[in-house]
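Here's the letter readout for the chains.
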Amino acid sequence: MKLIGSLTSPYVRKVRIVFSEKKIEIPLVLENVWANDTQIARSNPLGKVPCLILNDGGAMFDSRVIVEYVDTLSPANRLIPATGKERAAVKTWEALADGILDASILARLEATWRPAEQQSKAWIERQMSKVDESLQAMANALGEQEWCFGNHISLADISTGCALGYLLFRFPDLAWQQRFENLDRLYQKLLQRSSFIETEPPAA
Ligand code: GSF
């Protein structure tokens, strides 16, 4: 297997962290999906990373599908509960964290991809208010718990950590660390893990 991705994509980071936590080595093939000559559509018609290339040549996307698959590859360090409400709860954390990414990336693309005269301030504000609401919801749900769900690290914490890290990387002015002390406590704990250290995005 190999993973097509970039060093700055938070969705790719989530997948790499899951591989690392499962103790499975995965080669990363770098692809710039924004370059004019990107080859990504040969593997993923949606033109997005991450994309996992399987040993039989098949392609798997998106990040939520990949992490679910990777968690089944070894019984060690289960990151998603097997069934029921517990499974749905962890996947809802992931949806919330990915939703923060989706909204903040839409806001960033509006500001960086579109010509200035076509940019909508209202659209950016709409997306960033989703980010704000979701951070508050995460802080409320985490409360004084050590982990987002249950009594050990799960995909909920990994997804949350990737979203928080992305906001620090691309939106440092949001200053979520000052506003949500409990999220910062979780984030600092995640940053001690080699899976997070090894996938830190490069300085912008
Ligand atoms: C999102 C992947 C994505 O938007 C997932 O895998 O979870 N729901 C998907 N990837 C971005 C890179 S990034 O912003 O992290 C991407 O490949 N965008 C290229 C494009 O043309 O939208």
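Residues numbered from 1 in each chain as written. Predicted model: local features only at pLDDT ≥ 70, side-chain atom pairs only at ≥ 80, totals over all residues. Heavy atoms only, no water.

(A) Layout of the site of the ligand. The full set of residues close to the ligand is Ser9, Pro10, Tyr11, Val33, Trp34, Gly47, Lys48, Val49, Pro50, Asp62, Ser63 and Ile105. Here Val49 contributes a backbone N or O atom positioned 2.8 Å from a nitrogen atom of the ligand. For the ligand, an oxygen atom lies 2.5 Å from a polar atom in the side chain of Ser63. Residue composition of the shell around the ligand, by class: 7 nonpolar, 3 polar and 2 charged. (Near = heavy atom within 4 Å. Polar contact = N/O pair within 3.5 Å; in protein donor to acceptor, adjacent residues only side chain to side chain. Nonpolar A, V, L, I, M, F, W, Y, C, P; charged D, E, K, R; others polar.)

(B) Region of interest: the pattern of salt bridges. Applying the stated criterion to the full structure yields 14 salt bridges. In this structure, the salt-bridge partner of Glu68 is Lys91, at a minimum N-O distance of 2.9 Å. One end of the pair, Glu68, is in helix H2 (residues 63-71); the other, Lys91, is in helix H3 (residues 84-112), and 23 residues separate them in sequence. Among the ionic contacts, a cluster of salt bridges with common partners joins Lys14, Arg64, Glu68, Arg87, Lys91, Glu94 and Asp98. (Salt bridge = Lys/Arg side-chain N within 4 Å of Asp/Glu carboxyl O. Helix = DSSP H or I, 4+ residues; strand = E, 2+ residues; numbered from the N terminus.)

(C) Up close: the packing of helix H1 (residues 10-21) against H2. The contact between H1 and H2 brings their axes to 10 Å, and the two run at 0°. Taken together, the axes of H1 and H2 lie roughly parallel to each other. Listed contacts from H2 to Tyr11, Lys14, Val15, Val18 and Phe19 of H1 are Ser63, Arg64, Ile66, Val67 and Val70. Residues belonging to the contact of H1 with H2 are distributed by class as follows: 7 nonpolar, 1 polar and 2 charged. (Axes fitted to C-alpha atoms, helices over the stretch in contact; angles between N-to-C directions. Parallel < 35°, antiparallel > 145°, perpendicular 65-115°, else oblique. Contact = heavy atoms within 4.5 Å.)

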